[in-house]
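Each chain, letter by letter, is given below.
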Amino acid sequence: MKAIVIENYGHADELHEQDVPKPTINGNQILIEQYATSINPIDWKLREGYLKDGFNFEFPIILGWDSAGVVAEVGKNVSQFKVGDRVFSRPATTAQGTYAEFVAVEESRVAKIPENVSFEEAASVPLAGLTAWQCLVDFSAIKKGDKVLIHAGSGGVGSFAIQFAKHFGAYVATTASGKNESLVKELGADRFINYKEENFNEVLEDYDIVVDTLGGDILEQSFEVLKEGGKLVSIAGNPDEEKAKEKGIKAGFLWLEENGKQLSEVADLLENGKVKSVIGHTFPLTEQGLREAHQLSETHHARGKIVIKIK
């Protein structure tokens, strides 16, 4: 099968097209013939070698951890899916990722794609959507009436987080650049903060939840807008534990857990039009396509999700 691989850590030009063996599946896995995948910051962070100590991968590595396609084979223990089903998944973080025509995934990490959702839309959901869901639901126990601040609301995780927070009945503030104001408002944001013109920590106070996707100074300043008993969840850094204790805030770093059941809950929201995928850019599954997609993701200014069309 065709795949885009890296043989060394380094820049985007390390991405090369290669013919690799099609994955074989075990009894609990599904083989997905892929129609689309998408780009997430973990892809290029791993490619650069920033995460090599955390993952002991051997080259060649196939990056990518979002899958949308059709079931091509099922393992003998698989009961929820059959050949021909349209499915999507956030596979386990292995060296056999989704920049490929086929991917093997555990049944427990797979969900069905609603009929009214395209493969491209579905491919943009798993990693970013589950991250946003787990930040708000699992970590923060979001409830109706909560005041929630979501940083970088026009990005992949941010665009889902705004919609989920509104679904749960929260009041939502978000930061973005002026060019994305109409997008974040369309997604449901109640209060837009142009980060180039306003400092969020000077205009917001008494918030229940902050979802940080940026880290650094933004993460530090986020403590200032939370009320006592508030929650600060970051996917970009470890919040200061001492500061959290001092202020009576629950703070932590969230690393996504792959979860097909939660993905099914998100699928219901997609099917009912409560949530939509924001696809800002689409590239083909080619050496050049992936290189350009990575370079765009690395700017931190991509709007919505970057999708890779495979079929």
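Before any of the text, the structure's been laid out above.
First, a word on what this report is: a plain description of the structure on this page. (Residues numbered from 1 in each chain as written. Predicted model: local features only at pLDDT ≥ 70, side-chain atom pairs only at ≥ 80, totals over all residues. Heavy atoms only, no water.)

### With respect to the packing of helix 3 (residues 126–139) against helix 9 (residues 260–271)
Geometry of a packed helix pair, given as the angle between the helix axes and the separation of the axes. Running from N to C, helix 3 and helix 9 point in directions that differ by 100°, and their axes come no closer than 10 Å. Viewed along their axes, helix 3 and helix 9 adopt a mutual orientation that is roughly perpendicular. Contacts from Pro126, Leu130, Trp133, Gln134 and Asp138 in helix 3 reach Gln262, Leu263, Glu265, Val266 and Leu269 in helix 9. (Axes fitted to C-alpha atoms, helices over the stretch in contact; angles between N-to-C directions. Helix = DSSP H or I, 4+ residues; strand = E, 2+ residues; numbered from the N terminus. Parallel < 35°, antiparallel > 145°, perpendicular 65-115°, else oblique. Contact = heavy atoms within 4.5 Å.)

### A short note on the sheet that holds strand 1 (residues 2–6)
If you trace the three strands from one edge of the open sheet to the other, you get 2-1-4, paired in antiparallel fashion. Pairing within the sheet leaves two strands with one partner each, and these edge strands are strand 2 (15–19) and strand 4 (61–62). Strand direction decides the pairing type here: strand 1 and strand 4, joined by two bridges, are antiparallel. Directly across from Val5, in strand 4, lies its bridge partner Ile62. (Pairing = 2+ DSSP bridges.)

### Considerations on the pattern of salt bridges
Tallied over the entire structure, the rule returns 18 salt bridges. When the shortest N-O distance is used, the salt bridge between Lys166 and Asp190 registers 2.9 Å. Of this pair, Lys166 sits in helix 4 (residues 156–167) while Asp190 sits in the loop between helix 5 (181–187) and strand 11 (191–194), placing them 24 residues apart in sequence. A relative accessible area of 37% means that Asp190 is categorised as partly exposed. Connected through shared salt-bridge partners, Arg90, Glu106, Arg109 and Glu258 make up one network. (Salt bridge = Lys/Arg side-chain N within 4 Å of Asp/Glu carboxyl O. Buried < 20%, exposed > 50% of the residue type's maximum accessible area, 1.4 Å probe, protein only.)

### Remarks on unusual backbone geometry
Of the consecutive residues Phe59 and Pro60, the connecting peptide bond is found in the cis state with omega at -5°. Mapped onto the elements, Pro60 comes out in the loop between helix 1 (41–48) and strand 4. Even without being glycine, Asp206 reaches a positive phi, approximately 60°. Here Asp206 lies in the loop between helix 6 (200–203) and strand 12 (207–212).

### Some thoughts on the side chain of Asn201
Following the sequence through the fold, Asn201 ends up in helix 6. In this structure the side chain of Asn201 is engaged in a polar contact, spanning 2.9 Å, whose partner is the side chain of Glu224. Those residues in contact with Asn201 that sit more than four places away from it in its chain are Gln221, Glu224 and Val225. (Polar contact = N/O pair within 3.5 Å; in protein donor to acceptor, adjacent residues only side chain to side chain.)

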